[in-house]
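An overview of the molecular structure
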Amino acid sequence: MIVDPDLFESMRMELRRGSLVLAVLARLREERYGYTLRQALASDGLEMEESTLYPLLRRLESQGLLTSEWREEEKRKKRFYRLSPMGEAMLSALADEWRGINASLDKIL
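Residues numbered from 1 in each chain as written. Predicted model: local features only at pLDDT ≥ 70, side-chain atom pairs only at ≥ 80, totals over all residues. Heavy atoms only, no water.

Let's shift gears to the overall build of the protein chain. Check the secondary structure of the protein chain and you find four helices and three strands. What you see in the protein chain, going N to C, is helices and strands ordered as α-β-α-α-β-β-α. Taking the principal axes of the C-alpha coordinates as reference, the protein chain spans close to 55 × 30 × 25 Å. When burial is assessed residue by residue, the protein chain has 27% of its 109 residues classed as buried. Within the protein chain, counting contacts between residues at least 6 apart in sequence, those at least 24 apart form 46% of the total. In the protein chain, 18 side chains carry a positive charge and 19 a negative one; their mean positions are 4 Å apart. (Helix = DSSP H or I, 4+ residues; strand = E, 2+ residues; numbered from the N terminus. Buried < 20%, exposed > 50% of the residue type's maximum accessible area, 1.4 Å probe, protein only. Contact = heavy atoms within 4.5 Å. Lys, Arg positive; Asp, Glu negative; His and termini not counted. Charge placed at Lys NZ, Arg CZ, Asp CG, Glu CD.)

As structure tokens, then:
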């Protein structure tokens, strides 16, 4: 049976959404600015548009999971992000949850 490409794309994006939050939190255990974060995620196979990444970073920061700081580097102002202590605790909890879900899906699939 052939899969409807529009329906597949919609479901694929829904599946990715939660995974991207986990990936961003995990990558921000090290301080990064947006562009280098996008590059790191892309090298891991998780490409993300700027229009998705920057609102996500702002939301995570407003939730207290990230801290940020403006600095000048290479004659340009860049905003550097890093996990806050609350973000580190959330990453740990979400990673445990992810592992449990993944183990269950491995059994089912």
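Checked against the element boundaries, arginine 32 lands in strand E1 (residues 32-33). Within the structure, arginine 32 has its side chain in polar contact with the backbone oxygen of arginine 27 (distance 3.3 Å). Once residues within four sequence positions are removed from consideration, arginine 32 is found in contact with Arg27, Leu37, Ala40, Arg79, Phe80 and Tyr81. (Polar contact = N/O pair within 3.5 Å; in protein donor to acceptor, adjacent residues only side chain to side chain.)

A few words on helix H3 (residues 50-62). Taking 1.5 Å of rise per residue, the 13 residues of H3 would be expected to cover 18 Å, and the 18 Å separating its terminal C-alpha atoms lies within 8% of that figure. Looking at the buried residues of H3, the elements they touch are helix H1 (5-27), helix H2 (34-43), strand E2 (66-73) and strand E3 (76-83). One or two steps after H3, the chain reaches glycine 64, where phi turns positive at roughly 85°. (Expected span 1.5 Å × (residues − 1).)

The next subject is H2. When H2 is considered as a whole, its buried residues turn out to be Gly34, Leu37, Ala40 and Leu41. Projected onto a plane normal to the axis of H2, the buried residues spread over an arc of 125° and lie on a single side. Looking at the buried positions of H2, the neighbouring elements they touch are H1, E1, H3 and E3. Looking one or two residues past H2, glycine 45 carries a phi angle of roughly 90°, positive in sign. (Arc of directions from axis to C-beta.)

The UniProt record marks residues 21-92 with the feature "domain: Transcription regulator PadR N-terminal" (unreviewed entry), using the residue numbering of this structure. Note that residues 21-92 is 53% helix and 25% strand, and that its end C-alpha atoms are spaced 13 Å apart. (UniProt positions renumbered as here; feature names shortened; annotations may be inferred.)

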